[in-house]
Amino acid sequence: MKILVCISNVPDTTTKVKFKENNTLFDDSGVQWIINPWDELALTRALELKEDAGNSIDEVSVIHVGGAQTDATLRKALAIGADKAIRIDACAADAYYVAGQIAAYLKENPFDIVFSGIESSDYNGSSVGAMIAEFMDYPGISSVTNVDLSNSEVVLYRAIPGGKQKIKVEIPFVAVVQKGITNEPRIPAMRGIMMARKKPLEVKPAVEMDVLTKSVKFELPEAKGACKMIDAENVEQLVDLLKNEAKVL
Amino acid sequence: MSVIAFAKNWNGKFKNSTYELVSYTKKIADQLNTKLIVVSIGEVNNEDLKSLGKYGAERLISVNDPQMNILTSRVYSQVISEIAEKEGANIIVLSDNNSGKAIAPRISVKMKAGMVAAVQELPVSLDPFIVKKRVFSGKAFAHVQIDSPVKVLTIAKNCFGVLENQVDCLIEEFEPEVSKDLYKIQVLEEEEQKNKVILSDADIVVSAGRGMRSPDNWGVVEELAEVLGAGTACSRPVSDEGWRGHEEHVGQTGKVIAPNLYFAAGISGAIQHVAGISRSKCIVAINIDPEAPIFGVADYGIIGDVMEVLPKLTEAIRNSKS
């Protein structure tokens, strides 16, 4: 079996977000780029599944839609352990466009399992994975917190409000994964970084695809008023303020 | 022209977020001078369906099929798209929750409709159609323009509120033809936490961090939550350490919540944590470190040891209620 993990290239989560050109463009000067945190968890879980010989997974590849400047992020995915990276050479204009590009690749190069993170930490669109499933006419399972391939069948766990479901699904399918899928993302080791240099990073041209949405303006949240401090010996005052001033109790 | 709201039910019941969704979509329908159609899938009794009339659901299309009680995103998206085609809908609105996240992108592809997730308020503009959404995990907002004729939105919880608007709710039954092939997933087991407030639904959340020092100290957190009828949550280090389950982790990579009242006890307030809670209406921070960044985003703060402050607070709230 083969697993394809969709990778998004996002600003480091500690980035102080700024905009330019009259707040119409993200200012990427000085920004450190990372693998989207959920995609990194998905990749880690895919590698864990491959390392368990019983699962007979012979390939874990990553795919990304972006320009050449994102190759460093793909090299990191290879250093973590992916066998191959594919970059569709285009600007990731919107979720529909990105999902369409990945689906076009999948149609030519079938995979059994596709992993996608539940959202990206930049545009928080939370839609690419399910869109790929629809383009491919595959089952798609959202909010996946665990994947189990032992016992020669595919069992997924899906989070539901206040609980979880154990689900059986047939390949091929798309799993949109979230926190819990694995404990911690893997960090590339020196050996992995050396090996990554020799691993294939294929660059493919984009296919014709529409873009349906565009960000026309950005704004920063309003600054919060000062925090009202209350003495630790006088918690009754806090209760009073929550009741009568904030009116939330 | 019409506007569709998909009213998801949980075991046959609607939630406050469903009422908010209907209220929001009714408002857009009014702004566009068009009709609202609410769609319900799976078994829901007539009385519960009719209850949506309180929020402006004048027409409700119910697909009352027990086979559809469990979410299968392929089936749901096909049914909603079919109704949308039939009714000439140009805007389809869903709640931004697990099911909305699974269904909306599929409708977007089926109908070649531009989609925006987790919209924060009513559209900024109707022509061109522009909505505001949170980006960079809450560090900014984007105004996103949808250029396609049909548009799909999911709305963030507490983005609009519940607005009463009593109308007579006309219920129509609809039996779509759905191919058996679409039911490719099979639910083997379901586990639900009993007697616990569901975090994503909670109006009040008590959350705690590493300042608690040990998982054995969580009793004081749970007692405060109990007296408030609140949900419990935690910061990332706490769930990574296995002190609490991942389902409690709020923050950038965990759950993003928007309760009316959020208590952050022993949480320093790293930027990633704040991303998950910044839409809370009121934030109370309790921390021993006066320099903790959480005080920069809180409305009320107490400097002190959580192990001493939380029991006092529980007591004070209990007294104020009696």
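Throughout what follows, the structure given in this document is the object of discussion. (Residues numbered from 1 in each chain as written. Chains lettered and ligands numbered in written order. Predicted model: local features only at pLDDT ≥ 70, side-chain atom pairs only at ≥ 80, totals over all residues. Heavy atoms only, no water.)

## What about helix 3 (residues 95–108) of chain A?
All names here are of chain A.
No. 1: Here helix 3 spans 20 Å end to end across 14 residues, near enough to the 20 Å set by a 1.5 Å rise per residue.
No. 2: Across the 14 residues of helix 3, ten count as buried, placing the element largely inside the fold.
No. 3: By the burial criterion, the buried members of helix 3 are Tyr 96, Tyr 97, Val 98, Ala 99, Gly 100, Gln 101, Ile 102, Ala 103, Tyr 105 and Leu 106. (Helix = DSSP H or I, 4+ residues; strand = E, 2+ residues; numbered from the N terminus. Expected span 1.5 Å × (residues − 1). Buried < 20%, exposed > 50% of the residue type's maximum accessible area, 1.4 Å probe, protein only.)

## A word on the interface of chain B and chain A
Reports often express the size of an interface as the amount of accessible area lost when the parts come together.
No. 1: At the interface, 83 residues of chain B touch 80 residues of chain A.
No. 2: Interface area for chain B against chain A, summed over the two sides, is near 7,100 Å², with a carbon-plus-sulfur share of 58%.
No. 3: Connecting chain B to chain A are ten salt bridges.
No. 4: Among the ionic pairs, Asp240(B) bridges to Lys179(A), the shortest N-O distance being 3.4 Å.
No. 5: Between the two partners, chain B and chain A, sit 42 residue pairs in polar contact (both at pLDDT 80 or more).
No. 6: Grouping the amino acids of the side of chain B that touches chain A by side-chain chemistry returns 40 nonpolar, 22 polar and 21 charged.
No. 7: In the sheet, strand 11 (residues 163–169) of chain A pairs with strand 10 (residues 185–192) of chain B via seven bridges, with the strands oriented antiparallel. Within strand 10 of chain B, the residue paired with Lys164(A) across the bridge is Glu191(B). (Contact = heavy atoms within 4.5 Å. Buried area = accessible area lost by both parts, 1.4 Å probe. Salt bridge = Lys/Arg side-chain N within 4 Å of Asp/Glu carboxyl O. Polar contact = N/O pair within 3.5 Å; in protein donor to acceptor, adjacent residues only side chain to side chain. Nonpolar A, V, L, I, M, F, W, Y, C, P; charged D, E, K, R; others polar. Pairing = 2+ DSSP bridges.)

## A few points about the packing of aromatic side chains
No. 1: Under the criterion given, the structure shown has twelve aromatic pairs over all chains.
No. 2: Note on Phe26(A) and Trp33(A): the rings are 6.4 Å apart at their centroids and 85 degrees apart in plane angle, and the pair reads as edge-to-face.
No. 3: Its relative accessible area of 35% is what places Trp33(A) among the partly exposed residues.
No. 4: An aromatic cluster is present here, built from Phe19(A), Phe26(A), Trp33(A), Tyr123(A), Phe218(A) and Phe136(B) joined pairwise through their rings.
No. 5: The ring of Phe111(A) is capped by Lys2(A), whose NZ or CZ atom sits 4.6 Å from the centre of that ring.
No. 6: Residue placement shows Lys15(B) over the ring face of Trp10(B); its charged tip is 4.3 Å from the ring centre. (Phe/Tyr/Trp six-rings, centres within 6.5 Å; stacked < 30°, edge-to-face > 60°. Lys NZ or Arg CZ within 6 Å of the ring centre and 35° of its normal.)

## Here's the deal with unusual backbone geometry
No. 1: Residue Pro172(A) follows Ile171(A) across a cis peptide bond; omega there is -5 degrees.
No. 2: In this structure, Pro172(A) sits in the loop between strand 11 and strand 12 (173–177).
No. 3: Between Asp127(B) and Pro128(B) the backbone carries a cis peptide bond, its omega angle lying at 0 degrees.
No. 4: Here Pro128(B) shows up in the loop between strand 5 (114–119) and strand 6 (129–135).
No. 5: Of note in the backbone geometry, Asp137(A) takes a positive phi value of approximately 60 degrees without being a glycine.
No. 6: By the secondary structure assignment, Asp137(A) is in the loop between helix 4 (128–136) and strand 9 (140–148).
No. 7: With a phi close to 60 degrees, Asn33(B) is a non-glycine residue in the positive phi region.
No. 8: The residue Asn33(B) is located in the loop between helix 1 (16–31) and strand 2 (35–41) in this model.
No. 9: On the basis of relative accessible area, Asn33(B) is assigned to the exposed category, the value being 73%.

In short, the description is geometric, and any link to function would need to be established separately.
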